[in-house]
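# Chains, contacts and geometry: an overview
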Amino acid sequence: MAALALSGCSSDKPADQQTITVSAAASLHDAFDQIAKEFQAEHPDVKIAGINYDGSSTLATQIVEGADVDVFASADENNMDTVSKAGIGNKATIFTSNTLVIAVPKDNPANITSLEDLADADTVLCASKVPCGHASQQLLKNAGVKVTPVSEEQNVTAVVQKLAAGEADAGLVYATDVIDEPDLKSIVPEGSAKVVNKYPIATLDDNPAAGEFLDFVTGERGQKILSEYGFGTGAAQGNG
């Protein structure tokens, strides 16, 4: 698994330092990097050994198959349910939300302005089993638009990369994915506010440090960081 190694203490680290690993949806990459940095600054007794970012369906499969993960943050409730139904983890909490936008290269060569334009364009989407793909299909269905994508990607980051490289005319990604992407611009499509992805987070074991990380994410500072990266507020509720 491609993991982001975060710096911790070396020879002077506390002898009782706890270690946690996190699996998080690809769309959370930048926000969770910032959260992890600030969390470790406040909790020197905890080391985040790595954060594995990928499509939530991929992460859920890895966890069910035995991956050593202390905290799982999914981009949808379905993939969290997959983990829960396998008898893994504690009760999940919705901690943030996201909506879709049409992303296009900065110069918008195909002159995309609406969902209808995607039907005749070289459009790249997330695969339907991935949360951003499932949401994309719902958004298109609601609009009565049928799109045959030129490619279907396993996570939203791959869609963004293809668009930034000029390999497609347009794609559907989360609003948060375009905010700091200099090569892309976003168009808010009609109906996007009705297709909202709720993000649940759960600890998968009884590691106290994992609980501390979850509390940070759902607490005031974690929520502020998520907001700064364009995410919606999370509701303090359990995941059914």
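Shown above is the structure to which this text applies.
Just so you know, these numbers come straight off a predicted model, no measurement behind them.

Where helix 1 (residues 29–42) contacts helix 6 (residues 208–218), the two axes come as close as 10 Å, and the packing angle between them is 120°. Between helix 1 and helix 6, the crossing angle belongs to the class labelled oblique. The way helix 1 lies across helix 6 gives a crossing that is right-handed. Every residue of helix 6 that contacts helix 1 at Phe32, Ile35, Ala36, Glu38, Phe39 and Glu42 is listed here: Ala209, Glu212, Phe213, Phe216 and Val217. Within the contact of helix 1 with helix 6, the residues separate by chemical class into eight nonpolar, no polar and three charged.

Looking now at the environment of Asp107. Locating Asp107 in the fold gives a position in the loop between strand 5 (93–105) and strand 6 (123–126). Separated by 76 residues in the primary sequence, Asp107 and Asp183 have C-alpha atoms spaced 8.7 Å apart.

Our next topic: helix 4 (residues 131–143). The end-to-end C-alpha separation of helix 4 is 18 Å, in line with the 18 Å expected for 13 residues at 1.5 Å each. Pro131, Cys132, Gly133, Ala135, Ser136, Leu139 and Leu140 are the residues of helix 4 that are buried.

Take the pairing of strand 8 (residues 170–174) next. By the criterion of burial, strand 8 is predominantly enclosed, with five of the five residues buried. Here strand 5 runs beside strand 8; their pairing, made up of four bridges, is antiparallel. Note that in strand 8 the partner of Ile102 across the bridge is Leu172. Across two bridges, the pairing between strand 6 and strand 8 is parallel. Looking at strand 8, one finds that Thr123 is bridged to Ala170.

Let us look at the side chain of Ser57. Note on placement: Ser57 falls in helix 2 (residues 56–64). Taking the relative accessible area as the measure of exposure, Ser57 reaches 9% and is therefore buried.

Here we come to the state of the cysteines. Enumeration according to the criterion identifies one disulfide in this entry. Paired by a disulfide, Cys126 and Cys132 hold their sulfur atoms 1.8 Å apart. Because the torsion about its S-S bond is -105°, the bridge between Cys126 and Cys132 counts as left-handed. Both residues of the pair, Cys126 and Cys132, count as buried.

Of note, the phi angle at Asn108 is positive, near 45°, even though the residue is not glycine. In this structure, Asn108 sits in the loop between strand 5 and strand 6. We classify Asn108 as buried; its relative accessible area is 10%.

What follows is about the pattern of salt bridges. Across all of its chains, the model carries five salt bridges by this definition. Where Arg221 meets Glu38, a salt bridge forms, and the shortest distance between an N and an O atom there is 2.7 Å. With Arg221 in helix 7 (residues 220–228) and Glu38 in helix 1, this pair connects stretches of sequence that are 183 residues apart. Accessibility expressed as a relative area gives 28% for Arg221, which makes it partly exposed. For Arg221, the salt bridge is made with Glu228, and the minimal N-O distance between the two is 3.8 Å.

This part takes up empty space enclosed by the protein. Applying the stated criterion across every chain, the model contains one cavity of 30 Å³ or more. Its volume calculated, the largest cavity comes out at about 60 Å³. Lining the largest cavity are 13 residues, and of these Ala25, Ala26, Gly55, Ala75 and Val130 sit closest to its centre. Counted by class, the lining of the largest cavity contains eight nonpolar, four polar and one charged residues.

Below, the discussion takes up the pairing of strand 3 (residues 46–54). Where burial is concerned, most of strand 3 is hidden: seven out of the nine residues are buried. The pairing of strand 2 (residues 18–25) with strand 3 spans eight bridges and is parallel. Within the sheet, the bridge partner assigned to Thr21 lies in strand 3 and is Gly50. For the crossover that starts at strand 2, traverses helix 1 and ends in the parallel strand 3, the hand is right-handed.

Rules used in this analysis
- Position numbers for residues count from 1 along each chain, tracking the sequence in the order it is written.
- Given that the model is predicted, a residue must reach a pLDDT of at least 70 before its local features are reported, and side-chain atom pairs must reach 80 or more before they are shown or counted; all residues, however, enter totals for whole chains, interfaces and linings.
- Side-chain numbers here rest on the full set of heavy atoms in the structure, without hydrogens or water.
- Axis definition: a line fitted to C-alpha atoms, over the contacting stretch in the case of helices. Angles run 0 to 180 degrees between N-to-C directions.
- Helix and strand labels come from DSSP, where a helix needs a run of H or I of at least four residues and a strand needs a run of E of at least two; each type is numbered from the N terminus.
- Each angle gets one of four labels, with under 35 degrees taken as roughly parallel, over 145 as roughly antiparallel, 65 to 115 as roughly perpendicular, and the rest as oblique.
- For any pair of crossing helices, the crossing counts as left-handed if the nearer helix is rotated counterclockwise from the farther one by less than a right angle, and right-handed if it is rotated clockwise.
- Contacts between residues were defined by any pair of non-hydrogen atoms, one from each residue, lying within 4.5 Å.
- The nonpolar class holds Ala, Val, Leu, Ile, Met, Phe, Trp, Tyr, Cys and Pro. Asp, Glu, Lys and Arg form the charged class, and all remaining residues, Gly among them, are polar.
- To estimate how far a helix should reach, multiply one less than its number of residues by 1.5 Å.
- Buried means the residue's accessible area, taken with a 1.4 Å probe over protein chains only, is under 20% of the maximum for its type, while exposed means over 50%, and partly exposed covers the values in between.
- Strand pairing is assigned whenever DSSP identifies at least 2 bridges connecting the two strands.
- Two cysteine sulfurs form what is called a disulfide whenever their separation falls within 2.5 Å.
- Whenever a carboxyl oxygen of Asp or Glu lies within 4 Å of a side-chain nitrogen of Lys or Arg, that contact is scored as a salt bridge.
- Buriedness for pockets is judged along seven lines, at least five of which must meet protein on both sides within 12 Å for an open set on the 1 Å grid over protein atoms alone, while cavities are sets there where a 1.4 Å probe fits but cannot get out, and lining residues have an atom within 4 Å of a point.
- Grid points are joined across faces, edges and corners, and a volume is the space filled by probe spheres set on the points.
- By convention, orient the strands away from the viewer: a clockwise path from the first strand over the helix to the second makes the crossover right-handed.

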